[in-house]
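Report on the structure
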Amino acid sequence: MADKITSRNKSYSQWYVDIVIQAKLADYSPVKGCMVIRPNGYALWEKMQEILNRMFKETGHRNAYFPLLIPDSFIKKEAEHVEGFSPELAIVTRAGGDKLDEPLVIRPTSETIIWSMYKKWIQSYRDLPLLINQWANVVRWEKRTRLFLRTTEFLWQEGHTAHETAEQAQEETLKMLFVYQKFAEEYMAIPVIAGEKSESEKFAGAVKTYTIEAMMQDKKALQAGTSHFLGQNFAKAFDVTFQSRKGGLEYVWATSWGVSTRLIGALIMSHSDDKGLVLPPELAPIKVVIVPIYKNDTKTDIMNYADSLYKSLMGKYSVKLDDDDQNKPGWKFSEWELQGVPVRIEIGPRDMEKNQVVLARRDTGEKITVNKQHAAEEVKNLLEDIQNNLFRRAAGFRQENTFNTSGYGEFKEIINAAGGFIQAGWCGSPTCEAGIKKETKATIRALPLAHDGDGKKCIYCGGDAAVTAVFAKAY
RNA sequence: CGGGAUGUAGCCUAGGGGCUAGGGCGCCUGCUUUGGGAGCAGGAGAUCGGAGGUUCGAAUCCUCUCAUCCCGACCA
């Protein structure tokens, strides 16, 4: 078999690049830092959109679309926001052959343009809550890019909501955090830690940022989604007020939340192996592929047999019959494994003779032989089993690589040698956080919800811990 | 922005002053094959990243430049 993919042992980052390129998920573009999402990759994004859209709508949100170009002055209206984003903005200064009077920023996120519109749309508490989501592209000029994980332009969804009270906005923030958690765990089969970000890690312009944080196979952390409680920061910056039930004029309370095509990177780095992509059935654009195996003289019979199986499955799952005559079965096996299809059905003369089929599962490589009449039911069970197995495997891996320690010496040892997540006490001081980052490169990934200090001491300064923090090196 | 690496056909690559730039994969044609990336035969495909220079002669040497990847710094 041709070695198209560098093994994870040899080079994890090259393995990742190889998967993306060889599974035809994406390709490099002529512009530095940008990528083309190819049909295989875009199909994954479409599955994510489909599921998330359903979940967003079930929680009362509606989709809309705001423009790509934002007046430069808008970005500058919220002090922390401008400070956070100004280094990575792409700005249009010429258009239509002339220099523009006011430069236009290509959106790095849409808070400012959206709140400028919300000012027009919100007058009364009767206009609240306003629950809008948009699917869009954004541009952030990053110094260092990686396919899917951090590209100059990327696709995402951004929810922007407006509420009467701080409590309602806070509730919305957490509600959407849990939507993300459910999506990651139940569909992507990726276990995540739901928690709050520390002050230094939060979104520029937010009062509080919440995150779902996942562990990749190299034991590094990946921020997979964020949900922000924006307080009244943007309402004040854009003067968005409403007449309350009591008649007074009050600033609106806000949230925003988003996940991006980075999730595709998370998916790859959670489940895939040295043979290629491994997709959880819930997200696999093709769940089952049928590979017929025939000789010239048996071709017609085998194809008929395969086709009848195909017809019996096609209404139930997205299934593909690979009737391409150009490649041999062995080639097809490898190719579909590379592309991550969860279940492969092999049908050859020996199977037809015994009225059976061979089911091969992508997650373990295991093959089983089942009676053709039971194939549909067996496939259903197998898909469920693969979905569960992938989650269990990832959860087990995370557990094996999550450590508790109260000694800073041990902390440094773990981070440098084994890697992984470390749960430790933190006093809450940015100085301690910065010291740890400088000395170990580990950052606070999340302050898990429902954990106070638990009587711990700060891992760095030894003072009383305000919270339990999860530390790790991160993407 | 620092460090490293690489640019030769769609992809991988050989050649490091000299004659028609060689091979593998892939692609096209035909035949044979088909239970883990098939075989044979024939064929198409290259201004050697770009510019300038040295030379009788440059893919090869020199200078500059552009691009990408990897590592680091930075990063809602």
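Predicted model, so just to flag it, every value in this text is computed and none were measured. (Residues numbered from 1 in each chain as written. Chains lettered and ligands numbered in written order. Predicted model: local features only at pLDDT ≥ 70, side-chain atom pairs only at ≥ 80, totals over all residues. Heavy atoms only, no water.)

1. Here we look at helix α14 (residues 430-440)
Inspection of α14 places Cys432, Glu433, Gly435, Ile436 and Thr440 among the buried residues, and these make up the whole buried set. Angular distribution of buried residues about the axis of α14 spans 160 degrees; they occupy a single face of the element. In α14, the exposed positions that point more than 90 degrees away from the buried face belong to Pro430, Thr431 and Lys438. In the core, the buried residues of α14 are packed alongside α13 (408-416), β21 (421-426), β22 (443-448) and β23 (467-472). Capping the start of α14 is the job of one residue whose side-chain oxygen sits 3.0 Å from the backbone nitrogen of Thr431: Ser429. Within two residues after α14, Lys441 carries a phi angle of roughly 70 degrees, on the positive side. (Buried < 20%, exposed > 50% of the residue type's maximum accessible area, 1.4 Å probe, protein only. Helix = DSSP H or I, 4+ residues; strand = E, 2+ residues; numbered from the N terminus. Arc of directions from axis to C-beta. Contact = heavy atoms within 4.5 Å. Polar contact = N/O pair within 3.5 Å; in protein donor to acceptor, adjacent residues only side chain to side chain.)

2. Quick notes on the protein's contact with RNA strand B
In the vicinity of RNA strand B, 43 residues are found, and the nearest of them are Lys32, Arg140, Arg144, Phe203 and Ala204. Backbone atoms, meaning sugar and phosphate, form 44% of the atoms of RNA strand B found within 4 Å of the protein. Tyr294 is positioned with one of its backbone polar atoms (N or O) 2.9 Å from a sugar or linking oxygen of RNA strand B. Between Lys328 and RNA strand B, the recorded distance is 3.2 Å, taken from a side-chain N or O atom to a phosphate oxygen. Contributing elements (two or more residues each) for the surface near RNA strand B: α1 (12-22), α10 (329-338), β17 (343-347) and α11 (349-353). With seven residues, the single largest contributor to the surface near RNA strand B is α10. Among the residues making up the surface near RNA strand B, the classes are represented as 16 nonpolar, six polar and 21 charged. (Near = heavy atom within 4 Å. Nonpolar A, V, L, I, M, F, W, Y, C, P; charged D, E, K, R; others polar.)

3. Digging into the sheet that holds strand β16 (residues 319-321)
Strands sit in the order β16-β15-β17-β18-β19 across an open sheet of five strands; the sheet is mixed. The open sheet is flanked by β16 and β19 (367-371), the only strands paired with a single partner. Along the sheet, successive strands turn relative to each other by an average axial angle of 25 degrees, direction set aside. Sheet topology places strand β15 (residues 288-292) next to β16; three bridges connect them, and they run parallel. Residue pairing for β16: Val289 is matched across the bridge by Lys320. (Pairing = 2+ DSSP bridges. Axes fitted to C-alpha atoms, helices over the stretch in contact; angles between N-to-C directions.)

4. Focus on the side chain of Lys287
Inspection of the secondary structure puts Lys287 in the loop between α8 (262-271) and β15. The buried charged residue Lys287 lacks any salt bridge partner; its closest oppositely charged side chain belongs to Glu282, at an N-O distance of 5.7 Å. From its side chain, Lys287 meets the backbone oxygen of Pro281 in a polar contact 3.4 Å long. Excluding its chain neighbours within four sequence positions, the residues that come into contact with Lys287 are Lys47, Pro281, Tyr317, Ser318, Val341, Pro342, Val343 and Leu383. (Lys, Arg positive; Asp, Glu negative; His and termini not counted. Salt bridge = Lys/Arg side-chain N within 4 Å of Asp/Glu carboxyl O.)

5. Things to note about the packing of aromatic side chains
Applying the stated rule across the entire model yields 16 aromatic pairs. Seen from their ring centres, Tyr118 and Trp121 are 5.9 Å apart, and the 45 degrees between their planes marks the pair as tilted. Remark: Trp121 and Tyr118 occur in helix α5 (residues 111-121); sequence separation between them is three residues, near one turn of the helix. Taking relative accessible area as the criterion, Tyr118 reaches 0% and is therefore assigned buried. Among the aromatic side chains, those forming a connected cluster through ring pairs are Trp45, Phe56, Trp135, Tyr180 and Trp257. The ring centre of Tyr475 lies 4.3 Å from the NZ or CZ of Lys220, which sits over that ring. (Phe/Tyr/Trp six-rings, centres within 6.5 Å; stacked < 30°, edge-to-face > 60°. Lys NZ or Arg CZ within 6 Å of the ring centre and 35° of its normal.)

6. Looking at the pattern of salt bridges
Counted according to the given criterion, the structure contains 25 salt bridges. The salt bridge partner of Arg8 is Asp274, with a shortest N-O separation of 3.0 Å. With Arg8 in the segment before α1 and Asp274 in the loop between α8 and β15, the pair connects residues that are 266 residues apart, well separated along the chain. The shortest N-O distance in the salt bridge between Lys202 and Glu80 comes to 3.4 Å. With Lys202 in the loop between β9 (192-196) and β10 (208-215) and Glu80 in helix α4 (residues 79-85), the pair connects residues that are 122 residues apart, well separated along the chain. Using a relative accessible area of 14% as the deciding quantity, one classes Lys202 as buried. Judged by its relative accessible area of 39%, Glu80 falls in the partly exposed class.

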